Amino acid sequence: MKSIFSLKTLYSIVYFVGSMVILLLIWSLVSAITKNEIPGPIATWSVFFEMLKDPFYDYGPNDKGIGIQLWSSIKRVMMGFGLGSLLAIPLGMLMGGSKFTMNLLNPLIQVLRPVSPLAWFPLGLLAFKASEGATIFIIAITSLWPTLINTAFGVSSIPDDHKNVGKAFGFSRWKYITKILIPFALPHIITGLRLAIGVAWMVIVAGEMLSGGVGIGFFVWDSWNGLSLEKILSAILIIGFVGLLLDKFFNGLQNYFAYENKK
Amino acid sequence: MITELENEILIEKKAETSNCISVKNVTISFKTNGKGTFTAVKDIDLDIKKGEIVSIIGHSGCGKSTLMNSISGMVKPTSGEVTVNGNKVTGPGPDRGIVFQNYSLLPWMTVYRNVYEAVDSVLKDKSAAEKKEIVEYNLKMVNLLQHKDKLPSQLSGGMKQRTAIARAFAINPSVLLLDEPFGALDALTKGSMHVELLKIWNLNKRQQTIVMVTHDIEEAIFLSDRVVVMNDGPEATIREIVNINIARPRNKKDIVHLPEYMKVHDKLLSLLVKNLSIDDVIFE
Ligand SMILES: Nc1ncnc2c1ncn2[C@@H]1O[C@H](COP(=O)(O)OP(=O)(O)O)[C@@H](O)[C@H]1O
Ligand SMILES: [Mg+2]
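Only a predicted model underlies this, so the values are computations on that prediction, with no experimental measurement involved. (Residues numbered from 1 in each chain as written. Chains lettered and ligands numbered in written order. Predicted model: local features only at pLDDT ≥ 70, side-chain atom pairs only at ≥ 80, totals over all residues. Heavy atoms only, no water.)

So, the packing of aromatic side chains: which residues are in play, and what are the values?
In this structure the tally under the stated criterion is ten aromatic pairs over all chains. Taken together, a centroid distance of 5.9 Å and an interplanar angle of 40 degrees make the contact between W45 of chain A and F49 of chain A tilted. Here F49 of chain A and W45 of chain A lie together in helix α2 (residues 41-53), a separation of four residues that amounts to about one turn. W45 of chain A gets classed as partly exposed once you look at its relative accessible area, which sits at 49%. Taking relative accessible area as the criterion, F49 of chain A reaches 43% and is therefore assigned partly exposed. Here the aromatic residues W45, F48 and F49 of chain A are joined through ring pairs into a cluster of three or more. Against the face of F171 of chain A rests K175 of chain A, its NZ or CZ located 5.8 Å from the ring centre. Lying over the aromatic face of Y112 of chain B, K148 of chain B brings its terminal NZ or CZ to 5.4 Å of the ring centre. (Phe/Tyr/Trp six-rings, centres within 6.5 Å; stacked < 30°, edge-to-face > 60°. Helix = DSSP H or I, 4+ residues; strand = E, 2+ residues; numbered from the N terminus. Buried < 20%, exposed > 50% of the residue type's maximum accessible area, 1.4 Å probe, protein only. Lys NZ or Arg CZ within 6 Å of the ring centre and 35° of its normal.)

Structure representation (structure tokens):
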């Protein structure tokens with residue numbers, strides 16, 4: 001039987017705490033150097049604590065609790081990320097499965113991939129006539145690339161040994177896709193999704209600063225206008241920790257689907 | 001109207017007169033890393049009758065697998081052609097069951113699933129219960145039923161090989177192509193697999209054609225009607241085809257004392273091994 005608190009988990013907890021201590025030290029130092037123009041951990045903590053006390057209050061369109069802000073951001077990220085992935089996975093399979101599609105689409109990807117989410121925003125506004133749609137659009141279009149590229153790579157690297165099984169036993173196209181292609185490419189696809197959710201979570205803040213309304217990005221902007229640096233720092237911490245949790249979740253998926261002995 | 005019996009006779013007649021597998025003037029070259037080509041086998045002619053068991057024997061790297069793969073359709077001949085049951089081979093097909101040299105199991109599926117997916121793909125018309133029965137029958141035959149829920153990574157080399165054998169047998173193909181099928185097995189398991197192979201062949205009224213690559217002279221003699229000895233590559237050709245005129249059913253213990261056995265054994269040995277005694281090696 002494996003105990004839940006194995007030595008390894010204990011170590012990783014110790015390291016995590018160590019890391020956080022370093023963060024707090026640097027933060028305090030910067031705060032001291034700027035003569036508290038940038039608030040220190042303790043000043044931030046009291047504001048943060050106030051925010052957490054009632055995270056779901058709703059006093060009208062411009063005054064909502066941090067929980068509501070965060071939740072609407074997560075919903076938006078999931079929408080954009082989901083739509084992007086729904087496009088990226090089949091397209092990636094198509095590219096990985098055929099040299100022709102790969103060669104045809106690769107230059108297109110190379111050109112579109114480096115475009116900043118901010119540059120896409122006006123196009124999104126034009127297309128969807130609403131900032132909500134535009135935000136989801138820029139998340140989708142900037143987060144789909146890692147999934148697309150990793151899926152294509154995974155599918156194109158299926159070993160001949162596995163393909164030969166399908167050929168020798170006359171697998172139908174459907175059986176080939178479900179029993180050989182997807183199982184082999186799945187770890188690669190999940191790696192892509194893990195990178196993609198990271199991108200999506202980064203883009204949401206920028207998107208919401210432009211779009212306004214509700215959301216963690218809007219909250220940061222609003223706090224800047226209200227000159228509450230404590231709130232901004234709290235929001236930064238929250239953004240960081242939610243990002244960490246999202247990454248951990250996909251890391252867990254990755255480990256779950258990484259079968260032994262891929263030879 | 002043709003009765004079933006008449007039909008069977010007709011089929012038998014046809015089988016007697018026509019070759020099941022016909023390799024005509026086949027040369028196979030591979031592109032090498034640079035711009036050159038490497039010719040593995042050259043000008044191979046080989047006719048195999050329906051129901052025959054033929055072994056291909058030769059030194060490692062001489063092109064045995066390459067020749068097999070041209071019959072299975074995994075490799076296209078550079079020139080020449082292969083026909084199976086009168087049809088030109090253009091790719092693999094379920095009329096030919098293959099045991100790959102490296103087993104080629106799908107690592108994310110259990111032993112049972114590996115066999116089941118092949119059966120499900122080839123024997124589409126069977127019911128789920130029938131397919132299950134076929135899979136379990138074949139796994140039992142190779143003594144793997146109690147390991148059916150294991151993944152390939154949890155199996156020994158011999159167990160992987162037996163899974164691959166069960167998979168090829170389960171689709172009941174008219175031609176079985178076995179590339180060193182018993183190579184990773186210990187002597188005891190190997191012996192019982194030989195018997196199982198012949199049992200299946202007998203059950204199918206000796207109508208199944210079997211081509212097998214092997215390193216093992218005793219195995220080749222025990223199982224085969226003919227043994228194809230290949231020259232070393234590159235541009236390997238057939239050195240000689242040796243007939244094994246030993247009546248079936250053969251008994252492993254008894255046949256070794258037959259003069260015919262000793263004769264073909266010596267012959268195969270001298271075809272394969274150049275230096276028969278240590279003296280030759282030292283004083284050459
Ligand atoms: N796909 C390939 N590309 C290049 N060379 C190959 C390929 N397959 C086989 N060969 C070469 O052809 C020769 C015969 O290989 P193979 O048929 O596997 O030998 P055997 O099965 O008799 O050991 C070897 O020299 C091998 O390197
Ligand atoms: Mg070989």
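Anyway, onward from the coordinates.
Please give an account of the packing of helix α3 (residues 66-97) of chain A against helix α9 (residues 216-225) of chain A that cites residues and values.
Residues and elements named next belong to chain A. Interaxial distance between α3 and α9 falls to 7 Å at its minimum, and their mutual angle equals 135 degrees. As far as their axial angle goes, α9 and α3 are oblique. Judged by residue contacts, I66, Q69, L70 and S73 of α3 engage I216, G217, F218 and F219 from α9. Class assignment for the residues of the contact of α3 with α9 results in five nonpolar, three polar and no charged. (Axes fitted to C-alpha atoms, helices over the stretch in contact; angles between N-to-C directions. Parallel < 35°, antiparallel > 145°, perpendicular 65-115°, else oblique. Contact = heavy atoms within 4.5 Å. Nonpolar A, V, L, I, M, F, W, Y, C, P; charged D, E, K, R; others polar.)

Outline the site of ligand 1, listing residues and values.
All names here are of chain B. Lining the immediate surroundings of ligand 1 are F30, F38, A40, H59, S60, G61, C62, G63, K64, S65 and T66. Here an oxygen atom of ligand 1 and a backbone polar atom of G61 are 2.7 Å apart. At 3.0 Å, a backbone N or O of G63 approaches an oxygen atom of ligand 1. In isolation ligand 1 has 560 Å² of accessible area, and contact with the protein removes 61% of it. Where the shell around ligand 1 is concerned, the elements lending two or more residues are β2 (37-49) and α2 (64-72). Residue contributions to the shell around ligand 1 peak at three residues, all from α2. Residue composition of the shell around ligand 1, grouped by class: four nonpolar, six polar and one charged. (Near = heavy atom within 4 Å. Polar contact = N/O pair within 3.5 Å; in protein donor to acceptor, adjacent residues only side chain to side chain. Areas by Shrake-Rupley, 256 points an atom, 1.4 Å probe, with all protein chains shown as cover.)

Lay out the domain arrangement of chain A with the relevant residues and their values.
Residues and elements named next belong to chain A. Its domain assignment divides chain A into domain 1 (1-38) and domain 2 (41-261). Centre-to-centre separation of domain 1 and domain 2, based on C-alpha positions: 27 Å. Contact between domain 1 and domain 2 buries roughly 560 Å² in total, counting both sides, with carbon and sulfur atoms accounting for 89%. Where domain 1 touches domain 2, the interface holds zero salt bridges. (Domains from an automatic or database assignment. Buried area = accessible area lost by both parts, 1.4 Å probe. Salt bridge = Lys/Arg side-chain N within 4 Å of Asp/Glu carboxyl O.)

Describe α2 of chain B, listing the residues and the values that go with them.
Residue and element names in this part refer to chain B. Burial analysis of α2 places seven of its nine residues in the buried class, which makes it a mostly covered element. Residues K64, T66, L67, M68, S70, I71 and S72 constitute the buried set of α2. Immediately beyond the C-terminal end of α2, within one or two residues, lies G73, with a positive phi of roughly 95 degrees.

Residues and numbers for the pattern of salt bridges, please.
Under the definition given, this model contains 20 salt bridges over all chains. Among the ionic pairs, R76 of chain A bridges to E208 of chain A, the shortest N-O distance being 2.4 Å. Placement of the pair is R76 of chain A in helix α3 and E208 of chain A in helix α8 (residues 173-211), with a sequence separation of 132 residues. When its relative accessible area of 0% is taken as the criterion, E208 of chain A is described as buried. Of the charged contacts, one joins D95 of chain B and R96 of chain B as a salt bridge, the two residues approaching to 3.1 Å between their closest N and O atoms. Note on D95 of chain B: relative accessible area 29%, which makes it partly exposed. Look at the salt bridges and you will find they share partners, linking K175 and K179 of chain A together with R113, E117, D120 and K131 of chain B into a network.

Talk me through the nonpolar core; I want residue IDs and the actual numbers.
I21, V23, F169 and M230 of chain B are the most contacted members of the largest nonpolar core, which totals 137 residues. A total of 13 residues in this core trace back to one element, the largest contributor, which is α8 of chain A. Filtering out sequence-adjacent residues up to four positions away, F169 of chain B remains in contact with N138, M141, L176, L178, L197 and I200 of chain B. (Core = buried A, V, L, I, M, F, W, Y, C linked by side-chain atoms within 4.5 Å.)

Can you explain a negative patch on the surface? Please cite residues and give values.
All names here are of chain B. There is a patch of like negative charges on the surface, built from D43, D45, D47 and E235. Within the secondary structure layout, D45 lies in strand β2. Judged by its relative accessible area of 46%, D45 falls in the partly exposed class. (Patch = residues over 30% accessible without salt bridge, like charges linked within 9 Å, V, L, I, M, F, W, Y side chains within 5 Å. Lys, Arg positive; Asp, Glu negative; His and termini not counted. Charge placed at Lys NZ, Arg CZ, Asp CG, Glu CD.)

Tell me what's going on with the interface of chain A and chain B, and back it up with residues and numbers.
The interface of chain A with chain B comprises 20 residues on the first partner and 24 residues on the second. Summing both partners gives a buried area of about 1800 Å² for chain A against chain B, and 66% of it is carried by carbon and sulfur. Across the chain A-chain B interface, the total number found is three salt bridges. In this structure, E117 of chain B and K179 of chain A form a salt bridge, with 3.5 Å as the shortest nitrogen-oxygen distance. Our count for the chain A to chain B interface comes out at eight residue pairs in polar contact (both at pLDDT 80 or more). The element contributing the most residues to the side of chain A that touches chain B is helix α7 (residues 160-168) of chain A, with six residues.

A description of the sheet that holds strand β1 (residues 19-31) of chain B should follow, citing residues and the corresponding values.
Residue and element names in this part refer to chain B. Strand order in the open sheet formed by four strands is β2-β1-β4-β5, with antiparallel pairing between adjacent strands. Single-partner strands in this sheet number two, and they are β2 and β5 (87-88). Note that β1 and β2 share nine bridges and pair antiparallel. Its bridge partner lying in β2, V26 is registered against I44. (Pairing = 2+ DSSP bridges.)

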